[in-house]
Amino acid sequence: MTQEWQNDPKLQNIDPSKLALLQNLADHSGGRSPSDMLPFLMSAAAQGRQNGLQFSSDEIGAILNVLKAGKSPKEAAKLDQIVSLMRMIR
């Protein structure tokens, strides 16, 4: 994934270190099956919390909107499903 998504105006108020964490996740998540994504994301979220990075609901919403842009309805629904699962586990 290129870093162009980080330049979206919807993300202008998000701390650059948070965006860097997300880019690192994207770089290392490629090729994972959907069943492997949830544990991977949960581990990454725990690491972020340990480093003092927490995302507000508004930040999460903005990031999801940017990530879903240009995706098929099926891909967007998959993102929503992963987020829902993460919220249930938290």
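Within each chain, residues carry numbers counting from 1 in the order of the written sequence. Only residues with pLDDT of at least 70 are given local features in this predicted model, and only at 80 or more are side-chain atom pairs given and counted; all residues enter the totals for whole chains, interfaces and linings. Where side-chain values are given, they derive from all heavy atoms of the structure, hydrogens and water being excluded.

Visitor: Help me get a handle on the overall build of the chain, residues and values and all.
Guide: Looking only at helices and strands, the chain has four helices and zero strands in total. Helix and strand labels come from DSSP, where a helix needs a run of H or I of at least four residues and a strand needs a run of E of at least two; each type is numbered from the N terminus. For the chain, the N- to C-terminal ordering of α and β elements is α-α-α-α. Sorting the 90 residues of the chain into buried and exposed places 29% on the buried side. Only heavy atoms enter the contact rule, under which two residues are in contact if any of them lie within 4.5 Å. Across the chain, contacts joining residues at least 24 apart in sequence account for 60% of those joining residues at least 6 apart. Surface accessibility in these figures is a Shrake-Rupley result with a 1.4 Å probe; residues are shielded only by whichever protein chains are displayed. Carbon and sulfur atoms make up 51% of the accessible area of the chain, which totals about 6200 Å². Note on classification: 1.4 Å probe, protein chains only; a residue is buried when its accessible area is under 20% of the maximum for its type, exposed when over 50%, partly exposed between these limits.

Visitor: How would you sum up the nonpolar core? Please name residues and give values.
Guide: Buried residues of nine kinds, namely Ala, Val, Leu, Ile, Met, Phe, Trp, Tyr and Cys, make up a nonpolar core once their side-chain atoms join them within 4.5 Å. By size, the foremost hydrophobic cluster in this structure holds 15 residues, and its most contacted members are W5, L11, L19 and L22. Secondary structure elements with two or more residues in this core: α1 (16-29), α2 (34-50), α3 (57-68) and α4 (73-89). Among the elements that take part in this core, α2 stands out by supplying four residues, more than any other.

Visitor: Break down α1 for me, with residues and values.
Guide: How far a helix is expected to stretch is found by multiplying one less than its residue total by 1.5 Å. An ideal rise of 1.5 Å per residue puts 20 Å on 14 residues; α1 measures up with 20 Å between its terminal C-alpha atoms. Among the residues of α1, those classed as buried are K18, L19, L22, Q23, L25 and S29. The buried residues of α1 all sit within an arc of 155 degrees when viewed along its axis, so they share a single face. The definition of a polar contact used here is a pair of N or O atoms within 3.5 Å, where within protein one atom must be able to donate a hydrogen and the other to accept one, and adjacent residues in sequence count solely through side-chain atom pairs. The residue sitting at the N-terminus of α1 and contributing the capping side-chain oxygen is D15; that oxygen lies 2.7 Å from the backbone nitrogen of S17. What the arc describes is the spread of directions from the helix axis to the C-beta atoms.

Visitor: Can you break down the pattern of salt bridges residue by residue, with the values?
Guide: Counted as salt bridges are all cases of a side-chain nitrogen of Lys or Arg within 4 Å of a carboxyl oxygen of Asp or Glu. In total, this model carries one salt bridge according to the counting rule given. For K18, the salt bridge goes to E59, with nearest N and O atoms at 2.9 Å. Of this pair, K18 sits in helix α1 while E59 sits in helix α3, and the two are 41 residues apart along the sequence. Taking relative accessible area as the criterion, K18 reaches 11% and is therefore assigned buried. For E59, a relative accessible area of 12% translates into the label buried.

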